[in-house]
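Per-entry structural report
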Amino acid sequence: MIRGAIDRLDGEGAVGWLYGADFSTPPLVRAFLHHDLIGESLANVHRPDLENVGFGDGHCGFEIRFERPIDPSYLSFVTVKPQDFDLLLPVPTGGAGYLDLINAVLSGFAGAGRNRSVLGGLWTDRTDAPQLLAGRVAVGACAADLQPALQELLLNGVVVMHNALAPTGVTSKDIANIRTVTSRGAFDEADGKLKPALTAIAGLLFREPVVRLLRAAFDDHPVIYLLDSLSGDASFAQLSSISDLPSPAECMAIYVGHPHAPVRIDMLRGSHELPEFGATGRSRWTPGGADDLAQFANEAGLSIESFELDALDVAIVGPGLVHRVVASSEAPALRAVASPRRVTPTRFLSGDTSWVESGHVSGARIRI
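Residues numbered from 1 in each chain as written. Predicted model: local features only at pLDDT ≥ 70, side-chain atom pairs only at ≥ 80, totals over all residues. Heavy atoms only, no water.

Moving on: the sheet that holds strand β9 (residues 222-230). In spatial order, the strands read β8-β14-β11-β16-β9-β18-β17; together these seven strands make up an open sheet with mixed pairing. Looking along the sheet, the strands with just one partner apiece sit at the ends: β8 (158-161) and β17 (357-359). Each strand of the sheet is rotated relative to its neighbour by a mean of 25°, with strand direction disregarded. Running at roughly 140° to β8, helix α4 (residues 147-156) makes contact with β8, β11 (252-256) and β14 (314-317) of the sheet. Packed onto the sheet, helix α7 (residues 208-218) meets β8, β9, β11, β14 and β16 (333-340) and runs at close to 165° relative to β11. (Pairing = 2+ DSSP bridges. Helix = DSSP H or I, 4+ residues; strand = E, 2+ residues; numbered from the N terminus. Axes fitted to C-alpha atoms, helices over the stretch in contact; angles between N-to-C directions. Contact = heavy atoms within 4.5 Å.)

What α4 keeps buried is the set Leu150, Leu153 and Leu154. Mapping the buried residues of α4 onto a view down its axis gives an arc of 95°, with all of them on the same face. Away from its buried face, by an angle of more than 90 degrees, α4 presents the exposed residues Pro148 and Leu155. Where α4 is buried, its residues meet α3 (129-138), β8, α7, β11 and β14. Phi turns positive one or two residues past the end of α4, at Gly157, with a value near 80°. (Buried < 20%, exposed > 50% of the residue type's maximum accessible area, 1.4 Å probe, protein only. Arc of directions from axis to C-beta.)

In this section: the sheet that holds strand β7 (residues 78-82). Spatial ordering of the open sheet is given by β4-β3-β7, a layout of three strands whose pairing is antiparallel. Of all strands in the sheet, those with a lone pairing partner are β4 (36-42) and β7, marking the two edges. Averaged over all adjacent pairs, the angle separating strand axes in this sheet is 20°, with direction ignored. Where strand β3 (residues 28-33) and β7 come together, five bridges link them in antiparallel fashion.

Turning our eyes to something else, we now look at the packing of aromatic side chains. Counted according to the given criterion, the structure contains two aromatic pairs. An angle of 35° between the planes, with centres 5.1 Å apart, marks the rings of Trp17 and Phe55 as tilted. With Trp17 in strand β2 (residues 13-20) and Phe55 in the loop between α1 (48-52) and β6 (59-65), the pair connects residues that are 38 residues apart, well separated along the chain. Accessibility classification places Trp17 together with Phe55 in one group, the buried group. Each ring, one from Tyr19 and one from Phe55, has its centre 5.0 Å from the other, and the planes form 15°; the classification is stacked. (Phe/Tyr/Trp six-rings, centres within 6.5 Å; stacked < 30°, edge-to-face > 60°.)

Right, let's talk about unusual backbone geometry for a bit. In this structure, Pro167 follows Ala166 across a cis peptide bond, with omega equal to 10°. Along the polypeptide, Pro167 turns up in the loop between β8 and α5 (172-182). You will see that Asn163, though not glycine, has its phi angle at about 60°, which is positive. Note on placement: Asn163 falls in the loop between β8 and α5. With a relative accessible area of 47%, Asn163 lands in the partly exposed category. One non-glycine residue, Asp219, lies in positive phi territory at about 55°.

Turning our eyes to something else, we now look at the nonpolar core. Leu150, Leu205, Ile224, Leu227, Ile316 and Ile366 are the most contacted members of the largest nonpolar core, which has 46 residues in total. In this structure, Leu150 is in contact with Leu133, Cys142, Leu213, Ala216 and Ala217, ignoring residues within four places of it in sequence. Among the nonpolar cores identified, the runner-up in size contains 23 residues, and Leu226, Ile265, Ala327 and Val337 belong to it. (Core = buried A, V, L, I, M, F, W, Y, C linked by side-chain atoms within 4.5 Å.)

Our next topic: the pairing of β3. Note: β3 against β4, six bridges, orientation antiparallel. Pairing of Phe32 across the sheet is with Leu37, part of β4. Linkage of β3 to β4, two consecutive antiparallel strands, is achieved through a turn of two residues, within which His34 is found at a positive phi near 55°.

Structure follows, in C-alpha cells:
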C-alpha cells in the first residue's frame, strides 16, 4: 500500500510525504500544472514524525521547488503524483484554494459575472452547457424554438442566421451609416450626425431573431460596445484579445456581410473547446493567454473551416473561437461586439472616455 499527502502547497513549491513498504529506492514525486511538469523531487527527506508512527525509517518526505512561481489563482489546478504510479496526492483542505481563484479572477476582471461560474460564461466554460440548455428549455426559461441555434453555437462556437436581415438586407444607406460610426474622426463630428447613424445601425442589427438569440445566451439584454469595419486578411484571434474586457467569457461578435461581395470568415474548428489554461498556465481569457491559444491551435493543426456571408446573413461568434475575417476594402464586414447589460467595459467606468449611446425598442443598446 502506498500512502502520502501534501502538507503545504504555495506558489513556490509543495511539501509532503510518500511512503510505500515495498519501495526499494526513494520514489520520484512530480508536480504538474495542466499536464505541464513544473517540478520534481525524491521522497527521501527524514521526517521524525512519520518515523514515530511506523513509516519505516522516516525517510519519505519531499520538498518540490517549482521551476517558476505559480500564481495563487492556479494552485487549485496543481497536481502532485509519484512517477510510474497512477496516484494523486491529496491537497490540504483549508478551503482557501477556490477563494484564491475567485479573488485572483475578480482582481483582474472586476466586472466579471458571478452568477454562473468563475468567469460568468454560460455557454463557454461549462462542460454541461448542452444539459443546462435542455433544462432551461424544459422549465420555460428559454424558448424551445431557439434551442437548435443555441445548440449549434455550443457545438461549433458560431451560428449563421441566414436571411436574418431580410427583406432588404444591408443597404447603401446602412453602409453610409457604418462609415460614419467607424470612421477615425467619428467623435470629432457633431453628435447630431453620429447619434442618428447609431440609431439606424441598431435597427439593422437588432432584428428579432438576433436579439432573441443573444438575450437567451446572455440571460440579459445585449449591449454593443465595439463597432468596426474589417477588410483585408486579418490574423486569427479570439474576442478576448480584441479589447480589454471586464468579463471576457461573456461576449459575442455579430458579423454582417456586404451587398457588393460576400464576406468570408475562417475559423479554427473546435478551438472554442480547447482548455481554458494553456501550457504556460495563462488563461485564454487574458491577452497573453489568447495569444497562447492561437499559437497552440496553429501548432495543433486544427482544421480551418470557412463560410461566407451575404447582405442578408448574420453570423454570431461566441467567445473562445479562434477566427479571422477575409473581406475586400470595397466590401468590408461589419463587426459588433456585444456583452450582457450587467457587464460594463472598463473604459466606460474610468470617466476618461466619452461615448455616444443609442437604445432600441427591444431593450438592446449600442454604446461606443
